[in-house]
Amino acid sequence: MPQAAHETDALLGGVHGPRSLCAWWKELRDCIGDGLLTVLFFDDHVLRGFVWYMLEASIPYIYRAYHVPAHEVEIYRGIVYLPWALKPILGFLSDVCPVCRYRRAPYMLVALALGAAGCAVVGVVSTSVLPLEIFLACLFCQSLQIATIDLLGDAVKTERIQRTPKIGPSLV
């Protein structure tokens, strides 16, 4: 088999055996880089997977601790999930207003800091001390973090696939 056909076959998913898997992983790392692969892993699996589902599972219990009626919970859910509706605006803002010539990373870092601060406050401060409004602001920041990193991570992934189309199936 010619070398180019073997590389294409490995990247397109025709991986057979440990040696081919290692070759596929090496070529993917060479094409994309360890930094982007790490960001994409944490975006897809840690943040949108583990963190989001743990957050979703805990919210009803915290609302119960605040004695929030069910009809108000739905109003608060709409406020907390607002960043997901704002994703087009976030994408436009990151494209039009680069920070120090960077279009994605500064926005991701700010969102990461806001979300981490929101998580820290909710995790450390008791519901008897933390006002409901501050709790909702923390949830908003956490939702903003996940929505922003989801959006901008996918944007970076799409740009990389456009530059190197043969890696597309491996990234998706």
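Rules used throughout
Residues numbered from 1 in each chain as written. Predicted model: local features only at pLDDT ≥ 70, side-chain atom pairs only at ≥ 80, totals over all residues. Heavy atoms only, no water. Helix = DSSP H or I, 4+ residues; strand = E, 2+ residues; numbered from the N terminus. Buried < 20%, exposed > 50% of the residue type's maximum accessible area, 1.4 Å probe, protein only. Contact = heavy atoms within 4.5 Å. Arc of directions from axis to C-beta. pLDDT = per-residue confidence, 0-100.

Focus: the overall build of the protein
- Helix and strand counts for the protein stand at 9 helices and 0 strands.
- Ordered by position in the sequence, the α and β elements of the protein form the string α-α-α-α-α-α-α-α-α.
- Going through the 172 residues of the protein one by one, you find that 35% of them count as buried.
- The long-range share in the protein, meaning contacts at least 24 apart out of those at least 6 apart in sequence, stands at 73%.

Some remarks on the environment of L55
- Position of L55 among the secondary structure elements: in helix α3 (residues 34-65).
- Taking the relative accessible area as the measure of exposure, L55 reaches 13% and is therefore buried.
- Taking the C-alpha atoms as reference points, L55 and C119, 64 residues apart in sequence, are found 9.1 Å from one another.

Some remarks on helix α6 (residues 87-96)
- Of the positions making up α6, those classed as buried are K87, G91 and S94. Viewed end-on, α6 has its buried residues packed into an arc of 65°, placing them on one side of the element. Turned more than 90 degrees away from the buried face of α6, the exposed residues are P88, I89 and F92.
- Against α5 (82-85), α7 (105-124) and α8 (132-163) lie the buried residues of α6.

Some details on the side chain of R104
- Looking at where R104 falls in the secondary structure, it is placed in the loop between α6 and α7.
- The exposure class assigned to R104 is buried, which follows from its relative accessible area of 10%.

Remarks on the confidence of the model for the protein
- Per-residue confidence for the protein averages 85 on the pLDDT scale, and 88% of its residues sit at or above 70.
- Of all helices and strands in the protein, the one with the weakest mean pLDDT is helix α1 (residues 3-11) (48), whereas α5 scores best (95).
- Long-range and interchain partners of residues 1-10, a stretch whose pLDDT sits below 50, account for 7 contacts in this model, where long-range means more than four residues apart.

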